[in-house]
Amino acid sequence: MTCRLVVLFVVVLLPSLAAAQQGQKPPVRSITQVTGDLYRVQNNQHYTVFLVTSEGIILADPISADLSTWLKAQLAEKFPNRPVRYVMYSHHHQDHASGAAVWNDTAEVIGHDNFAAAVKAAAPQDTRYAAVMLPESTYRDRRTITLGGRRADLIHPGRMGHAPDFTVLHFPAERAVFVVDYVAVRTVPGSNTLQNGASIAEYVNAIEAVEALDFDIAVPGHGPIGKKSDVADHRQYFERLAERVAAAIKAGRTLEQIQAAQIMAEYKDWIEYDEDNDINIANAYKNLSAQRR
Ligand SMILES: [Zn+2]
Ligand SMILES: [Zn+2]
C-alpha cells in the first residue's frame, strides 16, 4: 500500500518538475534606441525607458529587481560613469514599480502624491508590494527634472479607474512621451480597465492630458511604439464605446444583443480585440446602465 502511494507520488511529481524547469527559461530582454539618447528597455511584456545625459541617466519604471539588476550591469558597460540619478514611477502597480531599491544608491525615486496611499491600499492583499519602494519625493500636477542640460517633465493626467497616481513622462527635446497601461498603441484597452464602475470620461480626460503635450513618439509600457495619432485613436475607442453602448441602452438592447452586433468591429485588427473587447462592452454597459438609474 505504502509502496504504491510512493510510486504514484513520483509519477505526479516528475511532470511538474519538468514544467518548473521549462518555466525557468530566460526572460526576453532588450535595449533599443527610441531616438537620440532615449532608449526603451524590454522585460518580456513590460517596457520602460531611460534618457542618457552627460551627468547621468534618467530612468522611468524599474519594473522588477531582476530587470533592474540586469539593466544596471548593462548600463555600467554601455554608458560607464553615467549613474542613474532619477527613477520616475509611471504608477504604483508592482509589475512596473518593483526594484527601485536597486538604483537607490545613486538615484532619487520620484512618484505622484497618490502613490504611497495606493500602495498602502494594495499591499495587504498582495505581498509582491514588499518590492515596491515608496517615492522619496512626490509632486501633485506637474514637475520638471533637468540633468546634464536635458529635461524630463512629469505630468499627472488625473485619476482614472486603472490607478489614481499616474505620471506621464514627457521628454520635450526628444519629442517623446512614456505612458503606461492606460494608453497603448493599436491595442484594445485591457479587460480590467472599466471594472468596478470606472468612468470612461476619466480615461478620456487622462488621454487628452497626453494629447495636450508636444510630441511625436508615444512609447507605451506594453506593446508597440506609436505616434501621437495612435494616442488620439486610443481616446476615440473610449469615446465610441461610451457613445454606442449608451445609444444601445437607450434603444432597449440587452448586453448580449449589443455584443452580438459587434458595435466596435472597426477595432478587430487591434491587439487584444478578441480577449478584451466584449468585456469592455459588458463593463461599459454595466457602468452606463447604473448611471441611468
Ligand atoms: Zn497598472
Ligand atoms: Zn502594465
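Below: a short report on this structure. All values derive from a computational prediction rather than experimental measurement.

Looking now at the packing of helix H5 (residues 200-211) against helix H6 (residues 228-250). Running from N to C, H5 and H6 cross one another at 165 degrees; their axes reach a closest spacing of 10 Å. It follows from the interaxial angle that H5 and H6 lie roughly antiparallel. Our pair here, H5 against H6, has a crossing hand that is left-handed. Between H5 and H6, the residues in contact are Ile-200, Tyr-203, Val-204, Ile-207, Glu-208, Val-210 and Glu-211 and Lys-228, Val-231, Ala-232, His-234, Arg-235, Phe-238, Glu-239, Leu-241 and Ala-242, respectively.

Glancing now at the pattern of salt bridges. One pass over the structure, following the stated rule, counts 13 salt bridges. Arg-150 is paired through a salt bridge with Asp-37; the nearest N and O atoms lie 2.9 Å apart. Taken as a pair, Arg-150 in strand E9 (residues 150-155) and Asp-37 in the loop between strand E1 (29-35) and strand E2 (38-43) lie far apart in primary sequence, 113 residues in all. For Arg-150, a relative accessible area of 22% puts it in the partly exposed group. Residue Asp-126 is joined to Arg-128 by a salt bridge in which the shortest nitrogen-to-oxygen separation is 2.8 Å. Given a relative accessible area of 18%, Asp-126 falls into the buried group.

Parameters at a glance
- Chains are numbered independently. Their residues run from 1 in the order of the written sequence.
- Throughout, the order in which chains and ligands are written sets their labels, letters from A for the former and numbers from 1 for the latter.
- The model is predicted, so local features are restricted to residues of pLDDT at least 70 and side-chain atom pairs to those at 80 or more, both for listing and for counting; the totals for chains, interfaces and linings are taken over all residues.
- Just so you know, side-chain values use all the structure's heavy atoms and leave hydrogens and water out.
- Only the stretch in contact is used when fitting a helix axis, every axis being a line fitted to C-alpha atoms; angles between N-to-C directions are given from 0 to 180 degrees.
- Put simply, DSSP H or I for four residues or longer makes a helix, DSSP E for two residues or longer makes a strand, and each gets a number counted from the N terminus.
- Orientation categories follow fixed angle ranges, with anything under 35 degrees roughly parallel, anything over 145 roughly antiparallel, 65 to 115 roughly perpendicular, and all other angles oblique.
- Two helices cross in a left-handed way if the nearer one is turned anticlockwise from the farther one by less than a right angle. They cross in a right-handed way if the turn is clockwise.
- Residues are treated as being in contact if the distance between any of their heavy atoms lies within 4.5 Å.
- Salt bridge, as used here: a side-chain nitrogen of Lys or Arg that lies within 4 Å of a carboxyl oxygen of Asp or Glu.
- Exposure classes here rest on a 1.4 Å probe applied to the protein chains alone. A residue is buried below 20% of its type maximum, exposed above 50%, and partly exposed in between.

Read these as layout, nothing more, since geometry by itself doesn't imply function.
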